[in-house]
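Listed below, chain by chain, are the residues.
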Amino acid sequence: MNIFVINSGSSSLKYQLFRFPAEQPLCSGLVERIGLENSIITHKVFPATEEEQVVRRTLALPDHRAGLQQVLQLLTDAEIGILRAPGEVEVVGHRVVHGGESFAATTIITPEVKHEIRRLFPLAPLHNPANYLGIEVAEQIFPQARQVAVFDTAFHQTLPEHAFRYALPEELYREQGIRVYGFHGTSHRYVAARAAAYLGQSEARLITVHLGNGCSIAAVRGGVSVDTSMGFGPLAGLVMGTRSGDIDPSVIFHLMGQLGYDAEQVADLLNKHSGMLGLTGNSDMRDIGHALEAGDPRAALAYEMYAYRIKKYIGAYAAVLGGLDALIFTAGVGENDALVRRLACQDLGFLGIQLDESVNALRAPGLREINHPESRVKLLIIPTNEELEIAKQCAELLGVNM
Ligand SMILES: Nc1ncnc2c1ncn2[C@@H]1O[C@H](COP(=O)(O)OP(=O)(O)O)[C@@H](O)[C@H]1O
Ligand SMILES: CC(=O)OP(=O)(O)O
Ligand SMILES: [Mg+2]
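For the protein, an unreviewed UniProt entry supplies the name Acetate kinase and the organism Hymenobacter taeanensis. Taken directly from UniProt, the Subcellular location (unreviewed entry) text for the protein runs: "Cytoplasm". The UniProt entry for the protein carries the following text under Subunit (unreviewed entry): "Homodimer."

Written out as structure tokens, the structure is:
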């Protein structure tokens, strides 16, 4: 069975095609700068034996539909295509960021499910609208495929009530669903499962640190999420590319009461103009790394703040778990930025966390240990693969592996 996975963002679209039950990746790709003149498609084909083939095209893609149509052309291309016709895609798996309290598990997309995803737009304004658009376009391009939603929030539905409730009047939870949901669940679940398998400890106490454009951290015991840093929406917790993370709500009252902001402007400020972008003028960690090397003091402070916030959560979640077996770094920054990892682990010897700085500074693919041999806690880099996890969830739902 061919499962096509779409991770659709506001201006980009990541995709991967798998053959199941072999879990074999056939191709993957990224469409960037959708809506601009010079959109870029990078499409990789994985032949069984030779080197992977990479096709890069720059062209104008006005919207997600045009983007996905180009992807379909590449999938069915006479030379490098993997499929003869779109009908060979039997399942399309979609990453959907916010599932609210309605979805604790992977779900076949029906008109009701789409309605619920739309209802949650205000809670994940950077994500759910793009995810929804991806579904609408995929329904047209692959009309005979089953469309499945895999929610970022699902993995965190196991949080105990004392962790997921806010100290607000109860009716706001009961009637309005105001509570912690947590995000990046597909990634936290995937790396936690890989870590447990690597350690040979199914009951392991793990802290998983997902550092991409959005950043979150989770406490996982026995494969189950028990706490996480994002909350009602994907804005709380760690400092991110463009999002503030934790902030005293009094700042919002001041912005609105004294400085004339309206609700939309506050949301825009905290979601799109804060975090590393607000601190340094750049949201991409590679650019901030270059600024740091060039001696920019704003970049140095931003790095410290970014790592300090991670460190505070490591301390908090070690307490939540009553000890720690492994700490896992994942996603773009977590997998690649040695300085962030070094700063976040600094002076945590009292918790049994000891980094091997020279191993940490090396680059290597795949899962690897970066702890000192005497470290009580294993420190691991595990590349995330949200697309594979989504495909696995689809296969499980549809009984393909059975
Ligand atoms: N080699 C690298 N060194 C430091 N940061 C990197 C590197 N490669 C990617 N990143 C950072 O990873 C982030 C994007 O991570 P990613 O997991 O792809 O995010 P998302 O899935 O949310 O788009 C960016 O801030 C980017 O700068
Ligand atoms: C939920 C979230 O923040 O996702 P991303 O990191 O892809 O923006
Ligand atoms: Mg991501």
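Once the structure has been displayed, the description carries forward.
(A) Structural detail: the domain arrangement of the protein. Domains assigned within the protein are domain 1 (2-151) and domain 2 (200-381). Each of domain 1 and domain 2 was reduced to a C-alpha centroid, and the two centroids are 28 Å apart. Between domain 1 and domain 2, the residue contacts involve 7 residues of the former and 6 residues of the latter. The junction of domain 1 with domain 2 conceals about 490 Å² of combined surface from both sides, 72% of it contributed by carbon and sulfur atoms. It is Leu123, Leu126 and His127 in domain 1 that bury the most area against domain 2; as a group they hold 74% of the surface buried on that side. The interface formed by domain 1 and domain 2 includes 0 salt bridges. Across the contact surface, domain 1 and domain 2 share 1 residue pair in polar contact (both at pLDDT 80 or more). When the residues that make up the side of domain 1 that touches domain 2 are grouped by side-chain class, the tally is 5 nonpolar, 2 polar and no charged.

(B) Summary view of a nonpolar patch on the surface. On the surface, Tyr166, Leu168 and Leu172 cluster together into a nonpolar patch covering about 230 Å² of accessible area. Here leucine 168 lies in the loop between helix 4 (161-164) and helix 5 (170-174).

(C) View of the site of ligand 2. Around ligand 2, the neighbouring residues are Arg95, Val97, His127, Asp152, Phe183, His184, Gly214, Met230, Pro234 and Arg243. Residue histidine 184 places a side-chain N or O atom 2.8 Å away from an oxygen atom belonging to ligand 2. Within the backbone of glycine 214, a nitrogen or oxygen atom sits 3.0 Å from an oxygen atom of ligand 2. Grouping the constituent residues of the shell around ligand 2 by class yields 4 nonpolar, 3 polar and 3 charged. No fewer than three residues from each of domain 1 (2-151) and domain 2 (200-381) sit in the shell around ligand 2.

(D) Highlighting the UniProt feature "site: Transition state stabilizer" (unreviewed entry) in the protein. The UniProt record marks His184 and Arg243 with the feature "site: Transition state stabilizer" (unreviewed entry), using the residue numbering of this structure. Restricting the annotated residues just mentioned to those that line the largest cavity leaves Arg243. Considering the arrangement of structural elements, one finds histidine 184 in the loop between helix 5 and helix 6 (185-199). On the basis of relative accessible area, histidine 184 is assigned to the buried category, the value being 7%. In contact with histidine 184, not counting residues within four places along its chain, are Arg95, Asp152, His156, His210, Gly214, Cys215, Ser216 and Met230. Residue arginine 243 is classed as buried on the basis of its relative accessible area, which comes to 6%. Those residues within four positions of arginine 243 in sequence are excluded, and the remaining contacts are Leu126, His127, Asn213, Gly214, Met230, Pro234, Leu235, Leu270, Asn271, Ser274 and Gly275.

(E) Examining the pattern of salt bridges more closely. Taken as a whole and assessed by the stated rule, the structure comprises 14 salt bridges. When the shortest N-O distance is used, the salt bridge between arginine 174 and glutamate 170 registers 2.7 Å. Of the two residues, arginine 174 and glutamate 170 both sit in helix 5, 4 residues apart, roughly one turn of that helix. Residue glutamate 170 is classed as partly exposed on the basis of its relative accessible area, which comes to 40%. What emerges from the salt-bridge pattern is a single network uniting Arg95, Asp152 and Glu386.

Thresholds applied
Residues numbered from 1 in each chain as written. Chains lettered and ligands numbered in written order. Predicted model: local features only at pLDDT ≥ 70, side-chain atom pairs only at ≥ 80, totals over all residues. Heavy atoms only, no water. UniProt positions renumbered as here; feature names shortened; annotations may be inferred. Domains from an automatic or database assignment. Contact = heavy atoms within 4.5 Å. Buried area = accessible area lost by both parts, 1.4 Å probe. Salt bridge = Lys/Arg side-chain N within 4 Å of Asp/Glu carboxyl O. Polar contact = N/O pair within 3.5 Å; in protein donor to acceptor, adjacent residues only side chain to side chain. Nonpolar A, V, L, I, M, F, W, Y, C, P; charged D, E, K, R; others polar. Patch = residues over 30% accessible without salt bridge, like charges linked within 9 Å, V, L, I, M, F, W, Y side chains within 5 Å. Areas by Shrake-Rupley, 256 points an atom, 1.4 Å probe, with all protein chains shown as cover. Helix = DSSP H or I, 4+ residues; strand = E, 2+ residues; numbered from the N terminus. Near = heavy atom within 4 Å. 1 Å grid on protein atoms, 1.4 Å probe; cavity = no way out; pocket = protein on both sides within 12 Å on 5 of 7 lines; lining within 4 Å. Buried < 20%, exposed > 50% of the residue type's maximum accessible area, 1.4 Å probe, protein only.

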